[in-house]
Amino acid sequence: MSSPSADPLVRVSGLTKHFDSSSGLFGGYELSPNGLNFPFTYDPDVVRAVDDVSFEIQRGETLGLVGESGCGKSTLARVLLQLLDPTDGDIYFEDENLAELSKEALRKRRKDIQIIFQDPQSSLDPRMKVGAIIEEPMRAHGMLDAAGREERARELLESVGLESQYYDRHPHEFSGGQRQRINLARALSVDPEFVVLDEPTSALDVSIQAQILNTLQELQEEFGLTYLFISHDLSVIRHISDRVAVMYLGELAEVAPVEELFEDPKHPYTRALLASIPIPDPRSRGKRSVLEGDVPSPINPPSGCRFRTRCPALIAPAEYDLAEAEWEDVRALMRAVTRRSFDADDAGSVRSRFLDGRLSDAHCEDVVQEAIEHVVADRWERATELLQTEFAERSICARSDPPLAGDSETRRVACHLHTETSEPETNRTGGTM
Ligand SMILES: Nc1ncnc2c1ncn2[C@@H]1O[C@H](COP(=O)(O)OP(=O)(O)OP(=O)(O)O)[C@@H](O)[C@H]1O
């Protein structure tokens, strides 16, 4: 791991990418309105894949980008690489705004920015020999003559941990890990400054993953590379990153130096992610959900803080006078009603299950009692709507989007628990999970 200098190579400002939801790839999300994500504040036809994201990557550092599937990591990478046009925002590379470059200048710049994808097979043409694959970007950029390209390709094969005589072989003769090494040699052939690694080890066996990560670190030292390392795997992110950006539903939730993030996570989403690091189990190979509840649709993201519908630390509405323990009980009731996770036989048993006596705030007490009556009468949706309207939607978390803010560029968090606001919040409970 290299020590970063305060010298940004990449600077992203207000980067936004929205898709028209009819454009094809959208799928797998709950589109129908439910109590968890109303009121809808956005045009329902727009997938807000990346929304107003700003960060810097220092020369020589590895910034890890982590978040659950579908949170916008790959879209962000593709926009950074100019494979997709941003809807809004700017990308500066060495202080040059990429959007303002001429076509020819951008073409030249492209060689400085390379990407490695998850599937090592997809970018290797099975009909081509390894040498030709590695030389292809050099040819496209008019680098060296044929003999020079061959010499460089053979050297690069050794740099990435392969043998120079593999030059004459075909990709199918190699394992997944070796193919990813060929991809690395190919990306490095044009001497890039910045490499985006999009889940580069996710398709590989755990033992191979560690070897590739070590090679990536050696290559970073040798070639002075800057990395954006994208992964949903927190242990990989911890191993490789200098700093980490945590993404949730198109936005950055937290940015911090790696050990600060793992030792002292500030955002409730980061805390939940860290709490759910799975213990490695070779028998379970499928994707597992890391947090309770579903990620809301990026078509209709929740108002305010996008994590608030799953947040265990939702802030109490300022107008209610509830003790911290009372608000915790209300939140637990609200979550359980929304998920219908209990049997509601009679009002008394529901009350004693969730509440420790009557609530001290008379209005809150009336609301909770009415919600319990709805639940007992099997009107779960009405109970959910009532609790959401009277509690969740009145929270500052629902009414205002917390900015990514902090003491320094390196340590920032987007959460009202950590933000000074102009609005008086008399009841900021829920700081712990
Ligand atoms: N071309 C597209 N058209 C419409 N929606 C898209 C398109 N590409 C991505 N999306 C949507 O944008 C959101 C972000 O997707 P993205 O692939 O960037 O997430 P991710 O964090 O990389 O997920 P994963 O780890 O599963 O690859 C998702 O809701 C996805 O369905």
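By convention here, each chain's residues receive numbers from 1 onward along its written sequence. Totals for whole chains, interfaces and linings use every residue, but because this is a predicted model, local features are given only for residues with pLDDT of at least 70 and side-chain atom pairs only at 80 or more, for both listing and counting. The basis for every side-chain value is the complete set of heavy atoms in the structure, and neither hydrogens nor water enter the calculation.

Under an unreviewed UniProt entry, the name given to the protein is ABC transporter ATP-binding protein, and the source organism is Halobium palmae. Per its UniProt entry, the protein bears the Sequence similarities (unreviewed entry) comment "Belongs to the ABC transporter superfamily." UniProt positions are given in the numbering used here, feature names are shortened, and annotations may be inferred rather than shown by experiment.

(A) Representation of the overall build of the protein. Under the scheme used here, helices are H or I runs from DSSP no shorter than 4 residues and strands are E runs no shorter than 2 residues, and both carry numbers assigned from the N terminus. Broken down by element type, the protein carries 14 helices and eleven strands. In what follows, a contact means two residues having at least one pair of non-hydrogen atoms within 4.5 Å. Long-range pairs, those at least 24 residues apart, make up 72% of the contacts in the protein with a sequence separation of at least 6. Approximately 19,800 Å² of the protein is accessible, and the part contributed by carbon and sulfur atoms is 47%. A 1.4 Å probe and the Shrake-Rupley method give the accessible areas. Residues count as covered only by the protein chains that appear here.

(B) Seen up close, the sheet that holds strand β1 (residues 8–20). The four strands lie next to each other as β2-β1-β4-β5, forming an open sheet whose pairing is antiparallel. Here the strands that pair on one side only, and so sit at the sheet edges, are β2 (46–58) and β5 (96–97). Pairing between β1 and β2: nine bridges, direction antiparallel. Among the inter-strand pairings, Lys17 is bridged to a residue of β2, identified as Val50. Here, axes are lines fitted to C-alpha atoms. For helices the fit covers the stretch in contact, and angles between N-to-C directions go from 0 to 180 degrees. The strands touched by helix α1 (residues 73–80) within the sheet are β1, β2 and β4 (88–93), with β1 carrying the most contacts at an inclination of about 115°. If DSSP finds at least two bridges between two strands, the strands pair.

(C) Molecular detail of the confidence of the model for the protein. Residue-level confidence of the predictor, termed pLDDT, takes values from 0 up to 100. Per-residue confidence for the protein averages 87 on the pLDDT scale, and 86% of its residues sit at or above 70. The low-confidence segment residues 282–290, where pLDDT is below 50, has six contacts with residues more than four positions distant or belonging to other chains.

(D) Local environment of empty space enclosed by the protein. Any residue with an atom within 4 Å of a point lines the site, the site being either a cavity, points on a 1 Å grid over the protein atoms alone where a 1.4 Å probe fits but cannot get out, or a pocket, an open set with protein on both sides within 12 Å along at least 5 of 7 lines. Grid points are joined across faces, edges and corners, and a volume is the space filled by probe spheres set on the points. Counted by the stated rule, this structure contains two cavities of 30 Å³ or more. By volume, the largest cavity amounts to about 170 Å³. Considering the residues around the largest cavity, the lining is formed by 13 residues, among which Arg308, Thr309, Met334, Arg335 and Gln388 are closest to the centre. Grouping the constituent residues of the lining of the largest cavity by class yields five nonpolar, three polar and five charged. Considered as a void within the structure, the second largest cavity measures approximately 70 Å³ in volume. Along the wall of the second largest cavity there are 13 residues; nearest its centre are Cys305, Cys311, Cys397, Cys415 and His416. Each residue gets one of three labels, nonpolar for Ala, Val, Leu, Ile, Met, Phe, Trp, Tyr, Cys and Pro, charged for Asp, Glu, Lys and Arg, and polar for the others, Gly among them.

(E) Representation of the nonpolar core in the model. Side-chain atoms within 4.5 Å are what join buried Ala, Val, Leu, Ile, Met, Phe, Trp, Tyr and Cys residues into a set we call a nonpolar core. Burial classes follow relative accessibility: with a 1.4 Å probe on protein chains only, a residue under 20% of its type's maximum area counts as buried, one over 50% as exposed, and anything between as partly exposed. Core analysis: the biggest nonpolar cluster contains 50 residues, and Ile134, Ile182, Leu216 and Phe229 have the highest contact counts within it. Not counting residues up to four positions away in its chain, the partners in contact with Ile134 are Ala153, Leu156, Leu157, Ile182, Ala185, Arg186 and Ser189.

(F) Structural detail: the pairing of β4. As judged from the five bridges shared by β1 and β4, these two strands associate in the antiparallel manner. The residue bridging Val12 from the neighbouring strand is Ile91, located in β4. Here β4 runs beside β5; their pairing, made up of two bridges, is antiparallel. Across the sheet, residue Tyr92 finds its bridge partner in β5, namely Asn97. The hairpin turn running from β4 into β5, its antiparallel successor, is two residues long, and Glu94 in that turn takes a positive phi close to 50°.

(G) Focus on the environment of Cys415. Following the sequence through the fold, Cys415 ends up in the segment after β11 (412–413). Remark: the alpha-carbon pair of Cys415 and Phe307, spanning 108 residues in sequence, is separated by 9.3 Å. In this structure Cys415 touches His267, Pro268, Pro402 and Pro403, once residues within four positions along its chain are discounted.

(H) Seen up close, the side chain of Asp198. With respect to the helices, strands and loops of the structure, Asp198 is situated in strand β7 (residues 194–198). Among the residues examined, Asp198 registers a relative accessible area of 5% and is labelled buried. Pairing of N or O atoms within 3.5 Å defines a polar contact, subject to two protein rules: one partner must be a possible hydrogen donor and the other a possible acceptor, and residues neighboring in sequence count only if both atoms are side-chain atoms. For Asp198, the side chain forms a polar contact with the side chain of Arg78, separated by 3.3 Å. Excluding residues that lie within four positions of it along the chain, Asp198 makes contacts with Ser74, Arg78, Ile115, Ile116, Phe117, Gln118 and Ile230.

(I) Looking closely at the packing of aromatic side chains. Note on aromatic pairs: the rings of Phe, Tyr and Trp (six-membered ring only in Trp) are paired at centre separations within 6.5 Å, and the planes decide the class, stacked below 30 degrees, edge-to-face beyond 60, tilted for the rest. Overall, the coordinates contain nine aromatic pairs when judged by the stated rule. A connected cluster of aromatic rings, assembled from ring pairs, spans Tyr248, Tyr269 and Phe307. A cation sits over an aromatic face here: Arg11 above Tyr92, 4.3 Å from the ring centre. Cation placement over rings: the criterion is NZ of Lys or CZ of Arg within 6 Å of the ring centroid and within 35° of the ring normal. Over the aromatic face of Tyr167 sits the side chain of Arg154, whose NZ or CZ is 4.4 Å from the ring centroid.

(J) Spotlight on helix α9 (residues 268–275). Judged by how many residues are buried, α9 sits mostly within the fold: seven of eight residues are covered. Within α9 the residues assigned to the buried category are Pro268, Tyr269, Thr270, Arg271, Ala272, Leu273 and Leu274. Here the buried face of α9 lies against α7 (234–240), β9 (243–248), β10 (251–257) and α8 (258–263).

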